[in-house]
Amino acid sequence: MKIKDIFERNVFRDINPAVVVSDKKQSTVDAEITEYVFTDELIKHIYTMLDAILNKKVGKTGIWINGYYGSGKSHFIKFVHYLLDKDTSEDAFDVYLKAVKNYDPMKADGNDNITTSNVILLKKKIESSDCDNILFNVGNT
């Protein structure tokens with residue numbers, strides 16, 4: 001057996017070294033959705049963000065993403081964009097729901113609101129909402 005044979009995906013495929021907001025090729029979108037690696041912390045942050053966007057009753061919702069270089073901020077926000085965007089929402093929610101099924105809300109620091117049924121409710125809200133989301137890079141000038 002060769003090392004390449006133990007991996008689920010082809011190790012010789014193109015892998016972007018960094019997530020780029022402006023890269024909207026279908027192959028890139030598909031890879032960024034299907035290859036997103038969820039941790040319990042990411043599952044919680046995605047749920048918290050979607051819940052804040054969709055269930056905020058008063059005023060507008062502002063969200064600040066902060067983290068070290070290389071910590072996954074761009075990929076995180078791009079995945080949330082895929083969840084909110086009507087063209088990619090179905091695929092992104094399929095992947096997110098698979099991760100949520102393995103999430104244990106009873107663990108220390110768990111969120112017992114994160115259930116498959118609650119995530120499906122958020123998905124239905126997105127499907128019926130008129131949510132605009134704009135993804136852009138702030139570059140150096």
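Let me sum up the structure you'll find in this document. (Residues numbered from 1 in each chain as written. Predicted model: local features only at pLDDT ≥ 70, side-chain atom pairs only at ≥ 80, totals over all residues. Heavy atoms only, no water.)

Let's talk about the overall build of the chain
Turning to step 1, where the next piece is worked out: For the chain, the count of helices and strands is five helices and zero strands.
Turning to step 2, where the next piece is worked out: Each helix (α) and strand (β) of the chain, taken in turn from the N terminus, gives the series α-α-α-α-α.
Turning to step 3, where the next piece is worked out: The buried share among the 141 residues of the chain stands at 28%.
Turning to step 4, where the next piece is worked out: Residue pairs in contact within the chain that sit at least 24 positions apart in sequence constitute 67% of those at least 6 positions apart.
Turning to step 5, where the next piece is worked out: By element, 53% of the accessible surface of the chain is carried by carbon and sulfur atoms, the whole surface being about 10300 Å².
Turning to step 6, where the next piece is worked out: For the chain, the centre of its 19 positive side-chain charges and the centre of its 21 negative side-chain charges are spaced 1 Å apart. (Helix = DSSP H or I, 4+ residues; strand = E, 2+ residues; numbered from the N terminus. Buried < 20%, exposed > 50% of the residue type's maximum accessible area, 1.4 Å probe, protein only. Contact = heavy atoms within 4.5 Å. Areas by Shrake-Rupley, 256 points an atom, 1.4 Å probe, with all protein chains shown as cover. Lys, Arg positive; Asp, Glu negative; His and termini not counted. Charge placed at Lys NZ, Arg CZ, Asp CG, Glu CD.)

Some thoughts on the environment of Ile77
Turning to step 1, where the next piece is worked out: The residue Ile77 is located in helix α3 (residues 73–84) in this model.
Turning to step 2, where the next piece is worked out: With 15 residues separating them in the primary sequence, Ile77 and Ala92 have C-alpha atoms 13 Å apart.

Let's talk about the side chain of Lys44
Turning to step 1, where the next piece is worked out: Topologically, Lys44 is positioned in helix α2 (residues 40–55).
Turning to step 2, where the next piece is worked out: The residues touching Lys44, leaving out its near neighbours within four places in the chain, are Tyr103, Asp109, Asn111 and Ile114.

Notes on the nonpolar core
Turning to step 1, where the next piece is worked out: With 28 residues, the main nonpolar core has Phe38, Ile43, Ile46, Leu50, Phe79, Leu83 and Tyr96 as its most contacted residues.
Turning to step 2, where the next piece is worked out: Elements with a minimum of two residues in this core: α1 (26–34), α2, α3, α4 (89–101) and α5 (116–128).
Turning to step 3, where the next piece is worked out: Broken down by element, the residue count for this core peaks at seven residues, all from α4.
Turning to step 4, where the next piece is worked out: Discounting chain neighbours no more than four positions away, the residues touching Ile43 are Phe38, Tyr96, Ala99, Val100, Tyr103 and Ile114. (Core = buried A, V, L, I, M, F, W, Y, C linked by side-chain atoms within 4.5 Å.)

A word on α3
Turning to step 1, where the next piece is worked out: If you check α3, its first and last C-alpha atoms are 17 Å apart, about what 12 residues at 1.5 Å a residue would give, namely 16 Å.
Turning to step 2, where the next piece is worked out: Among all positions in α3, only Phe76, Lys78, Phe79, Val80, His81, Tyr82, Leu83 and Leu84 are buried.
Turning to step 3, where the next piece is worked out: Check the buried side of α3 and you find it contacts α1, α2, α4 and α5. (Expected span 1.5 Å × (residues − 1).)

What to know about the pattern of salt bridges
Turning to step 1, where the next piece is worked out: Applying the stated criterion to the full structure yields eight salt bridges.
Turning to step 2, where the next piece is worked out: Lys4 is paired through a salt bridge with Asp5; the nearest N and O atoms lie 3.6 Å apart.
Turning to step 3, where the next piece is worked out: Overall, Lys4 belongs to the partly exposed group, its relative accessible area being 39%.
Turning to step 4, where the next piece is worked out: Residue class for Asp5 comes out partly exposed when judged on its relative accessible area of 44%.
Turning to step 5, where the next piece is worked out: In this structure, Asp40 engages Lys107 in a salt bridge whose closest nitrogen and oxygen atoms are separated by 3.2 Å. One end of the pair, Asp40, is in helix α2; the other, Lys107, is in the loop between α4 and α5, and 67 residues separate them in sequence. (Salt bridge = Lys/Arg side-chain N within 4 Å of Asp/Glu carboxyl O.)

Some details on a nonpolar patch on the surface
Turning to step 1, where the next piece is worked out: A surface patch of nonpolar side chains, about 760 Å² in accessible area, is lined by Met1, Ile3, Ile6, Phe7, Val11 and Phe12.
Turning to step 2, where the next piece is worked out: Within the secondary structure layout, Phe7 lies in the segment before α1.
Turning to step 3, where the next piece is worked out: Its relative accessible area of 48% is what places Phe7 among the partly exposed residues. (Patch = residues over 30% accessible without salt bridge, like charges linked within 9 Å, V, L, I, M, F, W, Y side chains within 5 Å.)

The quantities given are spatial measurements derived from coordinates; they are silent on function.
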